[in-house]
2 protein chains.
Amino acid sequence: MDQADIRAQLTALIQQPDKHQLRGLIAHMHIADLADALAAFSPYQAAQLLSLLSLHDHAEAFSFMLEERQAAIASVMSRNDLAALFSEMESDERADLYNRLSEEQRHAVLPGLAQAEREDVRRLASYPEKTAGALMTSDYATLRGHWTVHKALLRIRLEAPDKETIYQVYVVDKDRTLQGTLSLKQLILAKPDAIIADLMHADVVSVAVNEDQEKVAEVVRHYDLLAVPVLDEDRQLVGIITYDDAMDAFVEEATEDAQKSASVATLGSSFKDISLTRLFTKRIGWLLLLVFGSLFSGAGIAFFEALIEQHVALVFFLPLLVGSGGNAGSQAAALMVRALATGEVQMKDWLGLLGREILVAGALGFTLAIAVAGLGWLRGGTDVAIVVAAAMVCVVMAGSLIGLCLPFILSKINMDPATASGPLVTTIVDATGVIIYLGFASYLLN
Amino acid sequence: MDQADIRAQLTALIQQPDKHQLRGLIAHMHIADLADALAAFSPYQAAQLLSLLSLHDHAEAFSFMLEERQAAIASVMSRNDLAALFSEMESDERADLYNRLSEEQRHAVLPGLAQAEREDVRRLASYPEKTAGALMTSDYATLRGHWTVHKALLRIRLEAPDKETIYQVYVVDKDRTLQGTLSLKQLILAKPDAIIADLMHADVVSVAVNEDQEKVAEVVRHYDLLAVPVLDEDRQLVGIITYDDAMDAFVEEATEDAQKSASVATLGSSFKDISLTRLFTKRIGWLLLLVFGSLFSGAGIAFFEALIEQHVALVFFLPLLVGSGGNAGSQAAALMVRALATGEVQMKDWLGLLGREILVAGALGFTLAIAVAGLGWLRGGTDVAIVVAAAMVCVVMAGSLIGLCLPFILSKINMDPATASGPLVTTIVDATGVIIYLGFASYLLN
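## Remarks on the overall build of chain A
Along its length, chain A carries 22 helices and six strands. Considering only C-alpha atoms, chain A reaches an extent of 90 × 60 × 40 Å along its principal axes. Taken across its 446 residues, chain A has 55% of its residues classed as buried. The contacts of chain A with a sequence gap of at least 6 include a subset with a gap of at least 24, amounting to 66%. Here chain A displays about 18,600 Å² of accessible surface, and carbon together with sulfur accounts for 57% of that area. Within chain A, one finds 34 positive and 54 negative side-chain charges whose respective centroids are separated by 3 Å.

Set out below in structure tokens:
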């Protein structure tokens, strides 16, 4: 059954007074699919549908929705229903929703929670967005080093219903300092009277609470972790980040980078649903900056106006030359930005990569020069052929090196290297290309 | 300790006859870090270092290396060592390595395996790259529906050492048709005499064995799965894909898309380590195609040569106008490609998005037109101001619509929408922009 069918059926059934069939339909849907289907309904209708679910499923359905959508539905729910839902949600999801609630709604939901939970919500909600702290959950299982495996398993079984994962557990001392970690698989395979401290891995991979989410996701992926523990400045365990949240962070960062690579400011919401005015504001900033950037190309052309009037055939090759420089530069920038984002390349690799790029760009420029030299000869004779070929080699090399270096330079001045987008590189290379090409022409033809 | 320190220490210790200190250093390293550090050593030295590890750790270290690196090290290992390692590796990793071994090495490793394992290797190795079949493992735990929880847990404990995950288990009938799934957490929390069939989720999210890895990764992420079962045409369970392999597939696909978005053919290996000739060949193809594409811009300019000779001031605005069109087009293409890749937008959304884009692009073009009209007036009077402003609106709108539609068109003709790269869009929009701008100018100024 595809999304459109599901929506049509839900729409038909929601209007019937007897909710029996509706319950039947929902019972066989994956909660993630139900959450998707609900996106087509008003917050009020969605809240109605969700109220047919158990509290647990309702909380899970929320976890599959965008935060702004959760907040919209929460705003039409009764205070009691919202409070009940809130106490059922996982700690990380709950804190994110809390950050989107109105002052009044916050007052409605907090009294429904135990004192410790209230503090947990406030604490988790206080970390800046896109950091480990904002991503982490406090629903994890901890053990003590002197326990036996038997005791640990009993404890885990007892706590399991409230934990986001019990497959990776953490050993802490009485100050919550992280001592080690072990997996449920290890515990299951161990002898019941074995001591936890003897079994655990003491060299634990962890992240700091203020770490950027992109780094966190990379750590989870690099070490194939089910969850990574989050430590504060005193190395006390304050939360864990599970693989599914790391994967979401990955996709979010890749989307951001893809948008930056085309000079779009981070949308921050779905491309399909974003309002037209927001889409406009996310795009116009860079376009305006770049239009003034391309004035340098215009100025370069204006400087050589007399030359152009004399040899108007030169203009024919302008798009071809500056275009090739921009394309080679976009390639180099994209390769570099991505390699920096995946951690494959570090700042210190810069010089080695520059050397490689000079060789490769030289070869690329030379090949393209051969490809267009004949054309230059046809349109303007040997002189123009030489100008076009020589300019091609130089423009492609200049473009490539600008594309390669820009991400490093941005990174050095604490900007996201992904800002070294295709359009930015193209605009810079355009101006450089105009000057190189017309400079050559002016030297050789006059 | 950072990577450089680790490498320096390993280099120093590997030359000492006494391996005691070396073992000590390795024992405290995460296997993933050791695998990284080994990248700096020759295959022979790496094999030497790896031989100090237990067979299990050796196999795990391999799982953190690129496949070509694994194959290089395998090629210097003795037949016996390789056979032993091979039987220890996880089934999916093993099949990938098998595909990279020489005929001779294959004959060396197969006899070390049991008959069933040999067939497993051949079967897993037979699936095309980047499909679910190539990504899946056969090391998963299955249960039967009529078993009790007690029996199931005993069985899982027995099989756990050989399984890639035991946290999600699969219920099959005697033909291996998938009946349902349940988590280890559910099993642990259930009563020992409960029946598996009563506990399991029967509506299982699964993927087909020939499904593209990008889709598989999206399914794992969308449903927050620890692993997704893979079914053949008869709905028999043939493997599972775990979250960590899905995450790797995600990153691989995002890297590919980032490279395609800049008109680079898929590198297929690390940007840092790829050979210069391969890097050249991955880049030159598109550059050559695009240079011939930009001949259309050149031809457009040549067509209006007489006009340019009369009003050489027009050339000043050329980079600015075609640049803005290309930039707006790159934005639209990148937004669309990414939204298609994450499944946020489907083909059927095309018309609605086109309508939105016309409005947004109109507003963008109008804003940019205002920004440059004054400049046109300064350089060429009212006539030029009108030409430049009108051309800007049209070029930006044309660029945006080309950028938006190209991914859909490519997708329709079964090409990857990500091929609608910035450079490709820019080249097409350049030619369009030249014709629009000079066409306007020729109409209004003559």
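## Looking at the interface of chain A and chain B
In this complex, chain A contributes 105 residues to the contact, which on the side of chain B involves 106 residues. Together, the buried faces of chain A and chain B total about 9,800 Å²; carbon and sulfur atoms form 68% of this surface. Here chain A is connected to chain B by eight salt bridges. For Arg283 of chain B, the salt bridge identified is with Glu357 of chain A, shortest N-O distance 3.0 Å.

## Re the pairing of strand S3 (residues 178-183) of chain B
Residues and elements named next belong to chain B. Burial runs high along S3: five of the six residues are buried. Two elements, strand S2 (residues 165-172) and S3, share five bridges in a ladder whose sense is antiparallel. For Gln168, the partnering residue across the bridge sits in S3 and is Ser183. Hairpin connection from S2 to S3: five residues lie between these consecutive antiparallel strands, with Arg176 at a positive phi of about 65°.

## Observations regarding the pairing of strand S6 (residues 237-242) of chain B
For S6 of chain B, the buried fraction is high: six of the six residues fall into the buried class. A loop of five residues connects strand S5 (residues 227-231) of chain B with S6 of chain B, the two strands running antiparallel in sequence, and Arg235 of chain B in this loop sits at a positive phi of about 60°.

## Quick notes on the relation of the copies chain A and chain B
Take chain A, turn it by 180°, move it 0.0 Å along the axis, and it overlays chain B with an RMSD of 0.1 Å. Within this description, the copies of the chain are treated as partners about a two-fold rotation axis. Mapped onto chain B, 100% of the interface residues of chain A again fall at the interface, so both copies present the same surface.

## Quick notes on empty space enclosed by the protein
Residue and element names in this part refer to chain A. This structure, assessed with the given rule, holds five cavities of 30 Å³ or more. In this structure, the second largest cavity occupies an estimated 90 Å³ of space. Lining the second largest cavity are Gln213, Glu214, Ala217, Glu218, Ala249, Phe250, Glu253, Ala254, Asp257, Arg338, Ala341 and Thr342. Listing elements by their share of the lining of the second largest cavity, those giving two or more residues are helix H15 (213-222), helix H16 (243-260) and helix H20 (313-341). With five residues, H16 is the largest single contributor of residues to the lining of the second largest cavity. Both domains that furnish three or more residues to the lining of the second largest cavity are identified here as domain 2 (135-253) and domain 3 (294-445).

## As for the environment of Leu290 of chain B
Residue position: Leu290 of chain B is located in helix H17 (residues 276-293). Sequence separation between Leu290 of chain B and Ile428 of chain B is 138 residues, and the spatial gap between their C-alpha atoms is 9.0 Å. Once you skip the residues sitting within four places of it in the chain, Leu290 of chain B turns out to touch Asn327 of chain A together with Ser263, Pro423, Leu424 and Thr427 of chain B.

## Observations regarding the domain arrangement of chain A
Per the domain assignment, the segments making up chain A are domain 1 (3-126), domain 2 (135-253) and domain 3 (294-445). With centres defined by C-alpha atoms, the gap from domain 2 of chain A to domain 3 of chain A works out at 50 Å.

## Observations concerning the sheet that holds strand S4 (residues 207-208) of chain B
Residue and element names in this part refer to chain B. Read from one edge of the open sheet, three strands run S4-S5-S6, paired in mixed fashion. Looking at the sheet topology across the chains shown, the edges are occupied by S4 and S6. In this sheet, S6 lies alongside S5 in antiparallel orientation, the contact comprising five bridges. Within the sheet, the bridge partner assigned to Pro229 lies in S6 and is Ile240.

## Considering unusual backbone geometry
Even without being glycine, Arg235 of chain A reaches a positive phi, approximately 60°. Along the chain, Arg235 of chain A falls in the loop between strand S5 (227-231) and strand S6 (237-242). At Lys130 of chain B, a position not held by glycine, the phi torsion is positive, near 65°. Within the secondary structure, Lys130 of chain B sits in the loop between helix H10 (115-125) and helix H11 (132-135). Residue Lys130 of chain B is classed as partly exposed on the basis of its relative accessible area, which comes to 29%.

## Digging into helix H3 (residues 31-38) of chain A
For an α-helix, the turn length of 3.6 residues means that residues three or four places apart are oriented alike. Of all eight residues making up H3 of chain A, seven are buried, and the element is well covered by its neighbours. When H3 of chain A is considered as a whole, its buried residues turn out to be Ile31, Ala32, Asp33, Leu34, Ala35, Ala37 and Leu38 of chain A.

## Some words on the sheet that holds strand S3 (residues 178-183) of chain A
One key point about sheets: their strands pair by backbone hydrogen bonds, in either a parallel or an antiparallel sense. Residue and element names in this part refer to chain A. With mixed pairing, three strands are arranged side by side in an open sheet as S1-S2-S3. Looking at strand neighbours, the two that pair on one side only are strand S1 (140-143) and S3, the edges of this open sheet. When the angles between neighbouring strand axes are averaged without regard to direction, this sheet yields 35°.

## Remarks on the packing of helix H21 (residues 350-412) of chain B against helix H22 (residues 422-445) of chain B
Residues and elements named next belong to chain B. The N-to-C vectors of H21 and H22 enclose an angle of 150°; their axes lie 9 Å apart at closest approach. It follows that H21 is roughly antiparallel to H22 by the angle criterion. Remark: the crossing between H21 and H22 carries right-handed chirality. Considered class by class, the residues forming the contact of H21 with H22 number 20 nonpolar, four polar and one charged.

## Digging into the nonpolar core
Grouped together as the largest cluster of nonpolar side chains are 171 residues, with contacts concentrated most on Leu10, Leu184 and Leu187 of chain A together with Leu10, Leu184 and Leu187 of chain B. In this structure Leu184 of chain B touches Tyr167, Leu184 and Ile188 of chain A together with Leu153, Ile156, Ile166 and Tyr167 of chain B, once residues within four positions along its chain are discounted. Core analysis: the second largest hydrophobic core is formed by 102 residues, Leu445 of chain A together with Leu321, Leu364 and Val387 of chain B among them.

## Thoughts on the side chain of Gln259 of chain B
By the element assignment, Gln259 of chain B lies in helix H16 (residues 243-260). Sequence-distant contacts of Gln259 of chain B, that is, excluding residues within four places in its chain, are made with Leu335 of chain A together with Val264, Ala265, Thr266 and Leu267 of chain B.

## Describing the packing of aromatic side chains
Tallied over the entire structure, the rule returns twelve aromatic pairs over all chains. Judged by centre distance (5.0 Å) and plane angle (85°), the ring pair of Phe303 of chain A and Phe304 of chain A falls under edge-to-face. Under the relative-accessibility criterion, Phe304 of chain A is labelled buried at 11%. Both rings, one in Trp350 of chain B and one in Phe408 of chain B, keep their centres 6.4 Å apart while their planes meet at 75°; by these two values the pair is edge-to-face. Overall, the relative accessible area of 30% leaves Trp350 of chain B in the partly exposed class. Residue classification places Phe408 of chain B among the buried residues on the basis of a relative accessible area of 3%.

## A few points about the packing of helix H5 (residues 55-63) of chain B against helix H7 (residues 79-88) of chain B
Residues and elements named next belong to chain B. Direction vectors running N to C along H5 and H7 enclose 80°, while the axes themselves pass 9 Å from each other. By the criterion of interaxial angle, the relationship of H5 to H7 is roughly perpendicular. When H5 is examined against H7, the residues Leu55, His56, His58, Ala59 and Phe62 are found in contact with a partner set consisting of Ala84, Leu85 and Glu88.

## Details of the side chain of Ser263 of chain A
Structurally, Ser263 of chain A can be placed in the loop between H16 and helix H17 (276-293). By relative accessible area, which is 2% here, Ser263 of chain A ends up buried. A polar atom in the side chain of Ser263 of chain A sits 2.7 Å from the side chain of Ser421 of chain A. In this structure, Ser263 of chain A is in contact with Trp286, Leu290, Ser421, Pro423 and Leu424 of chain A together with Gln331 of chain B, ignoring residues within four places of it in sequence.

Rules of the game
- Residues numbered from 1 in each chain as written.
- Chains lettered and ligands numbered in written order.
- Predicted model: local features only at pLDDT ≥ 70, side-chain atom pairs only at ≥ 80, totals over all residues.
- Heavy atoms only, no water.
- Helix = DSSP H or I, 4+ residues; strand = E, 2+ residues; numbered from the N terminus.
- Buried < 20%, exposed > 50% of the residue type's maximum accessible area, 1.4 Å probe, protein only.
- Contact = heavy atoms within 4.5 Å.
- Areas by Shrake-Rupley, 256 points an atom, 1.4 Å probe, with all protein chains shown as cover.
- Lys, Arg positive; Asp, Glu negative; His and termini not counted.
- Charge placed at Lys NZ, Arg CZ, Asp CG, Glu CD.
- Buried area = accessible area lost by both parts, 1.4 Å probe.
- Salt bridge = Lys/Arg side-chain N within 4 Å of Asp/Glu carboxyl O.
- Pairing = 2+ DSSP bridges.
- Least-squares fit on C-alpha atoms with pLDDT ≥ 70 in both.
- 1 Å grid on protein atoms, 1.4 Å probe; cavity = no way out; pocket = protein on both sides within 12 Å on 5 of 7 lines; lining within 4 Å.
- Points joined across faces, edges and corners; volume = space filled by probe spheres on them.
- Domains from an automatic or database assignment.
- Axes fitted to C-alpha atoms, helices over the stretch in contact; angles between N-to-C directions.
- Parallel < 35°, antiparallel > 145°, perpendicular 65-115°, else oblique.
- Left-handed = near helix turned anticlockwise from the far one by under 90°.
- Nonpolar A, V, L, I, M, F, W, Y, C, P; charged D, E, K, R; others polar.
- Core = buried A, V, L, I, M, F, W, Y, C linked by side-chain atoms within 4.5 Å.
- Phe/Tyr/Trp six-rings, centres within 6.5 Å; stacked < 30°, edge-to-face > 60°.
- Polar contact = N/O pair within 3.5 Å; in protein donor to acceptor, adjacent residues only side chain to side chain.

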